[in-house]
Amino acid sequence: MQKGIVVFASADGGFWEETKVQVSLESEFHWEKSPVVEPLEKLESTYPPAGLLLIQQRDVILIDSAMGEIRDEVKYSWEFETEDWREYKGNASSDRLASGSTQVDEFQHRFEENRLRWYKQLGPIIDKQVKNRNLKGVYLIGNKEYVKDLEQHLNKEILDVIPKNLYSKPAHEILNEVYGESVR
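Residues numbered from 1 in each chain as written. Predicted model: local features only at pLDDT ≥ 70, side-chain atom pairs only at ≥ 80, totals over all residues. Heavy atoms only, no water.

1. Things to note about the overall build of the chain
Then step 1. From N to C terminus, the chain includes four helices and eight strands.
Then step 2. Counting the 184 residues in the chain, one finds 40% classified as buried.
Then step 3. Pairs at least 24 apart in sequence give 50% of the contacts found in the chain among residues at least 6 apart. (Helix = DSSP H or I, 4+ residues; strand = E, 2+ residues; numbered from the N terminus. Buried < 20%, exposed > 50% of the residue type's maximum accessible area, 1.4 Å probe, protein only. Contact = heavy atoms within 4.5 Å.)

What follows is the structure, given as structure tokens:
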């Protein structure tokens, strides 16, 4: 459900631009000779373009958001066989580890031995995504230990760290957690 609308219009009806936003707005009306954009700038500074990084052992999801809206999602999964990060666009999901306990135990052992090196490989990939998407920075969300390990390999601004496991939550609920109840 959309929460607000921003409208720019001209007196002669020659210009009309509207944008629906996902965040609550104060009702304001201005009719001036030049555009009054300060409320919009304030809104943009409150809800800047930012990445929400959900870190869950071998899976990391980057949620690209701005103005309380989810613009895109990219998932990175560590591929056990190839020892490389694989990218999935949108809501695509990777194949999970086989249910056999031997493979899961082997992965857990290798992950603990190599996670710093594996997260070091992922850091530049995330930095490039943040730069290419013109994001102000990233919110790191997940297990404190994994967040700390990945954080040291990122060169972009860390806006906040949320030490909660929100990995299984829908993206809009994660936005609520990051920005408070003002975004739905």
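Here the narrative resumes.
2. Structural notes on the pattern of salt bridges
Then step 1. Per the stated rule, a full pass over the model turns up four salt bridges.
Then step 2. Here Arg-71 ties to Asp-64 by a salt bridge, and the two come within 2.8 Å at their closest N and O atoms.
Then step 3. Judged by its relative accessible area of 4%, Asp-64 falls in the buried class.
Then step 4. For Lys-164, the salt bridge identified is with Glu-177, shortest N-O distance 2.4 Å. Taken together, the residues Lys-164 in the loop between strand S8 (158–162) and helix H4 (171–179) and Glu-177 in helix H4 connect sequence positions 13 residues apart.
Then step 5. Accessibility expressed as a relative area gives 40% for Lys-164, which makes it partly exposed. (Salt bridge = Lys/Arg side-chain N within 4 Å of Asp/Glu carboxyl O.)

3. Looking at the pairing of strand S2 (residues 16–21)
In summary, the side chains of a regular strand alternate between the two faces of the sheet.
Then step 1. Bridging between strand S1 (residues 4–9) and S2 involves six bridges; their strand directions are antiparallel. By the bridge assignment, Ala-9 is partnered in S2 with Trp-16.
Then step 2. Counted between consecutive antiparallel strands, the loop separating S1 from S2 contains six residues, among which Gly-13 sits at a positive phi close to 80 degrees. (Pairing = 2+ DSSP bridges.)

4. Observations concerning the sheet that holds strand S4 (residues 59–66)
Then step 1. Pairing in this open sheet of six strands is mixed, and the strands run S6-S5-S4-S3-S7-S8 from one edge to the other. At either margin of the open sheet sits one strand with a lone partner, and together these are strand S6 (84–89) and S8. Taken over all neighbouring pairs, the strand axes of this sheet differ in orientation by 20 degrees on average, direction set aside.
Then step 2. Here strand S7 (residues 138–142) runs beside S8; their pairing, made up of four bridges, is parallel. If you follow Tyr-139 over to S8, its bridge partner there is Asp-160.
Then step 3. This element, helix H3 (residues 144–151), spans strand S3 (50–56), S7 and S8 of the sheet and lies at about 145 degrees to S7. (Axes fitted to C-alpha atoms, helices over the stretch in contact; angles between N-to-C directions.)

5. Points about the packing of aromatic side chains
The description of an aromatic ring pair rests on the distance of the ring centres and on the angle between the ring planes.
Then step 1. Throughout the structure, instances matching the rule amount to five aromatic pairs.
Then step 2. With centroids separated by 4.2 Å and ring planes inclined at 25 degrees, the aromatic side chains of Trp-78 and Trp-118 adopt a geometry described as stacked. One end of the pair, Trp-78, is in strand S5 (residues 69–79); the other, Trp-118, is in helix H2 (residues 101–132), with 40 residues separating them in the sequence. By the burial criterion, Trp-78 is buried, and Trp-118 matches it.
Then step 3. Note on Tyr-139 and Tyr-179: the rings are 5.9 Å apart at their centroids and 75 degrees apart in plane angle, and the pair reads as edge-to-face. Of the two residues, Tyr-139 is situated in strand S7 and Tyr-179 in helix H4; the sequence distance between them amounts to 40 residues.
Then step 4. Tyr-139 gets classed as buried once you look at its relative accessible area, which sits at 10%.
Then step 5. Among the aromatic residues, those joined into a cluster by ring pairs are Trp-78, Trp-85, Trp-118 and Tyr-119. (Phe/Tyr/Trp six-rings, centres within 6.5 Å; stacked < 30°, edge-to-face > 60°.)

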